[in-house]
Amino acid sequence: MEPDVRKIESLVRQLLIELGEDPNREGLVKTPQRVAQALSFLTHGYRTDPDEVINQALFTQTASSMVIVKDIELYSLCEHHMLPFFGRCHIGYIPGGTVFGVSKLARLVDMYARRLQLQERLTEQISKVVMESINARGAGVMIEVRHLCMMMRGVEKQNSTMVTSSVSGVFRDSLATREEFFSLIGRRA
Ligand SMILES: [Zn+2]
């Protein structure tokens, strides 16, 4: 369901007043409208149909070597503060007869990232959808991001990167496979 943009606009107006601002001053007149549109876009993952994203670009392939897609740009909002976290996502999988089209994994990442998220849950969800939608033999996902809620407030750790990973199938069962994944994405296991 599409969000009620008018309603968000009026809430943002209220918020500006609560924060001590004058929503009628020149620079802020259109801010509620802009914020409503931005929030609607940044949460469009809730309204994306996973079947539509997944089913259109799957290809049959008999080879079973590891497929790696590195450095997928990732932008999300932390659900605790509704502030951005952003960085990169690396995905590897060993196909069980089906592979993803080239741009598909990036769209899958977006579908889950464009919501209010926890980094750990995002990592698991991407790993799960990769495994299940192509019946992969194994999958690994690593996410490296910086959280504005840490950088701008609280502990103010400006340079810390938070890393999460999730492995399943043969990536979980075989140390050699897991090591191959981490080495191909340029990280230590
Ligand atoms: Zn946060």
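The structure under discussion appears in the preceding block.
Residues numbered from 1 in each chain as written. Predicted model: local features only at pLDDT ≥ 70, side-chain atom pairs only at ≥ 80, totals over all residues. Heavy atoms only, no water.

**Comments concerning the coordination of the zinc ion**
Coordination of the zinc ion by the protein involves C78 (SG), H81 (ND1) and C149 (SG), with metal-donor separations of 2.2 to 2.3 Å. Donor residues for the zinc ion, ordered by position in the chain, follow C-x2-H-x67-C. Of this pair, H81 sits in the loop between strand 2 (67-78) and strand 3 (84-94) while C149 sits in helix 6 (residues 148-151), placing them 68 residues apart in sequence. What makes H81 partly exposed here is its relative accessible area of 35%. A residue is classified by how much of its surface remains accessible, and C149, at 9% relative accessible area, is buried. (Donors = N, O, S within 2.8 Å, 3.2 Å for Na, K, Ca; no water. Helix = DSSP H or I, 4+ residues; strand = E, 2+ residues; numbered from the N terminus. Buried < 20%, exposed > 50% of the residue type's maximum accessible area, 1.4 Å probe, protein only.)

**Re unusual backbone geometry**
In this model, M82 sits at a positive phi of 55°, which is unusual for a non-glycine residue. Turning to its location among the elements, M82 is positioned in the loop between strand 2 and strand 3. Positive phi, close to 55°, is recorded for N135, a residue that is not glycine.

**Quick notes on the side chain of E144**
Mapped onto the secondary structure, E144 falls in strand 6 (residues 138-147). Of the residues examined, E144 reaches a relative accessible area of 15% and is grouped as buried. The contacts of E144, once residues within four sequence positions are left out, are F86, G87, R88, H90, T161, M162, V163 and R187. (Contact = heavy atoms within 4.5 Å.)

**Digging into helix 8 (residues 175-184)**
Every buried residue of helix 8 is accounted for by T177, F181 and F182. Buried positions in helix 8, seen along its axis, are confined to an arc of 130° and lie on one side of it. In this structure, helix 8 carries A176 and S183 as exposed residues pointing more than 90 degrees from its buried face. Residues of helix 8 that are buried in the fold lie against strand 2, strand 3, strand 6, strand 7 (162-169) and helix 7 (170-173). (Arc of directions from axis to C-beta.)

**Let's talk about the environment of S166**
Locating S166 in the fold gives a position in strand 7. Judged by relative accessible area, S166 falls into the buried class, the value being 6%. When the C-alpha atoms of S166 and G20 are compared, they prove to be 43 Å apart, with 146 residues separating the residues in sequence. Excluding anything up to four places from it in sequence, S166 contacts T123, E124, S127, A139, G140 and V141.

These values are about where atoms sit, not about what they do.
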